[in-house]
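As a plain string of letters, each chain reads:
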Amino acid sequence: IFSEVAAKNNQTLFIVGGYVRDLLMKRQSPTDIDFVTEGNGIELAKSIAKELNPKLKVSIFKNYGTAMFKHEGLDLEFVGARKESYAEDSRKPSVEIGTLEDDQKRRDFTINALALSLNKENFGDLIDPFDGVQDIKKKILRTPLEPSQTYSDDPLRMMRAIRFASTLNFKIEENSLNAIKNESERIKIVSLERIMVEFNKIMLSAKPSLGLKLMEETGLMQLIIPELTALKGIEEVEGQTHKDNFWHTLEVVDNISANTDNLWLRWAALLHDIGKAPTKKFVDGIGWTFHGHEFLGSKMVKNLFYRLKLPLGTDMKYVQKLVKLSSRPIALVDDGTSDSALRRLLFDAGEDLEDLFILNKADITTKNSSKQAKFKRNFEEVAIKIKE
Ligand code: ATP
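Residues numbered from 1 in each chain as written. Predicted model: local features only at pLDDT ≥ 70, side-chain atom pairs only at ≥ 80, totals over all residues. Heavy atoms only, no water.

Caption draft 1: Molecular detail of the environment of Phe-61. Topologically, Phe-61 is positioned in strand S3 (residues 59-61). In this structure, the C-alpha to C-alpha distance between Phe-61 and Val-79, residues 18 residues apart in sequence, is 9.9 Å. Here Phe-61 is in contact with Thr-66 and Met-68, once residues within four sequence places are set aside. (Helix = DSSP H or I, 4+ residues; strand = E, 2+ residues; numbered from the N terminus. Contact = heavy atoms within 4.5 Å.)

Below, the structure is given as C-alpha cells:
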C-alpha cells in the first residue's frame, strides 16, 4: 500500500534512520519508523493513512513539516526530504526542500543515514552513500559530513554520539571524538530537557560507565554535572590516600545496572557520593574523613535535580532518601548490628529498604576477596535479623 500510494502521488518513499540501523543490527523490535519522501510528507502521510483506514487519525506538525499516525502498534512518521543550514546561535536549522541525498547528509551519524527504498524500480535496495553498513560492522560512530561542523551546527549530537556509543557499545571515531572535545562548550545552546533525555538513555544502557567515561573525557561531564567531576582525583597526606570517588562511582553505577533497570535507583548510585568532595578532610590520627557527606549529598541532590530540570516529585525524594541512607547498612554490616540501629534503619528506609540494599551491595567495590566475603556474610546476617 505504502509504495502504491507514493507512486500514485508521483513521490518517492524511503524508510530511514533508526529502524534501518536496528534492522541491520538485528536489534529489538521497533516502536517507530521514519519515512522520507521527495515531496510533501504531510500530504503523503494523509493519503497513506486514508488508504489503510479512513478513520485513522493523522497528527500534523506543520512547523516541522512532519505528520504521524499509529499503525499496528507502531508510530509512523513522515517527512519531506530536506536540506538544512544552521545559524551560529541556534540548533534550529533553516530548511529547504531537498533530495533524499540532502536528507541523508543532514543526519547525525552514518549508521543513522541509511535509507531503504520502497519504490517500485528498486524496492528493498539499501541506499548507503556514507558507508554506514561498514560502520555498523566496525561498530563505529562517524558523521556523514565534517565532524566539527556537524557538532557545532547541532551540539545535541555530541550527547547523541555518546548515547549511541553507550547503548550500542560502539566507538566514536577519532576525528569525531576530537571534535566533541573542541566543541563541548557549545552544549550550552541546547536545552537541559534535551540533554537529559540523552543522559537518561546513557544511564539506562547495560554499562553506563561507557557513556559516563566519554562524557568525562570530552569535558561534557564537567559542563553538565560538575558535582561528579569534583569527585575525581586522589590526595595523599602523611602517606594516606583515599579512593578516587569518581571512578568508584562509575563502578557502582555499572554494578547496580547489572541488578536493576530502575532509572532512579541508578541515579541514586550515580549521586551516592556527591557530598564527599565538599566534606573531605584529613584529620590527624584518623585519616581521610567525609563526615556528614550523606546529609550534604542529599541536599545537593535537590539543587542538582532543579538545575538539570529533572522531576522534582517522588523520584527526587526517592533519590534523596537513598543518598542520605546510602552508607547506613554498610556501616551496620561493618560494625556489627545493634537492635536499635536496625530499628532506625527499618524505620528510615521504609519501603525502599530493598533498593537501599541493592545500592549498598553495588557500593562494595573492594577487590579484596576476604573483605568481600565478610560483607556478604554480614549482609545476610542483617537480612535475617530484618526478617525476624
Ligand atoms: P532510537 O529510536 O534508538 O533513539 P533513532 O535513531 O530512531 O534511535 P531518533 O532520535 O528517533 O533516534 O531519531 C531518528 C533519526 O533522525 C535518527 O536515526 C537520525 O537519522 C535523525 N536524527 C535525530 N536527531 C538528529 C540530530 N540531532 N541531528 C541529525 N539527525 C538526527
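After that view of the structure, there is still more to cover.
Caption draft 2: The site of the ligand, seen in detail. In the vicinity of the ligand lie 14 residues, with Arg-21, Asn-112, Asp-154, Arg-157 and Arg-160 positioned nearest. Within the backbone of Asn-112, an N or O atom sits 2.9 Å from an oxygen atom of the ligand. One nitrogen or oxygen atom from the side chain of Arg-163 is found 3.0 Å from an oxygen atom belonging to the ligand. Summarising the interface, the protein chains cover 75% of the accessible area of the ligand, which totals 590 Å² for the free molecule. Among the elements of the structure, helix H2 (18-24) and helix H7 (156-168) are those that each provide at least two residues to the shell around the ligand. (Near = heavy atom within 4 Å. Polar contact = N/O pair within 3.5 Å; in protein donor to acceptor, adjacent residues only side chain to side chain. Areas by Shrake-Rupley, 256 points an atom, 1.4 Å probe, with all protein chains shown as cover.)

Caption draft 3: Examining helix H3 (residues 41-52) more closely. If you check H3, its first and last C-alpha atoms are 16 Å apart, about what twelve residues at 1.5 Å a residue would give, namely 16 Å. Restricting attention to buried positions, one finds in H3 the residues Gly-41, Ile-42, Leu-44, Ala-45, Ile-48 and Ala-49. Down the axis, H3 shows its buried residues gathered within 160 degrees of arc, on one side only. (Expected span 1.5 Å × (residues − 1). Buried < 20%, exposed > 50% of the residue type's maximum accessible area, 1.4 Å probe, protein only. Arc of directions from axis to C-beta.)

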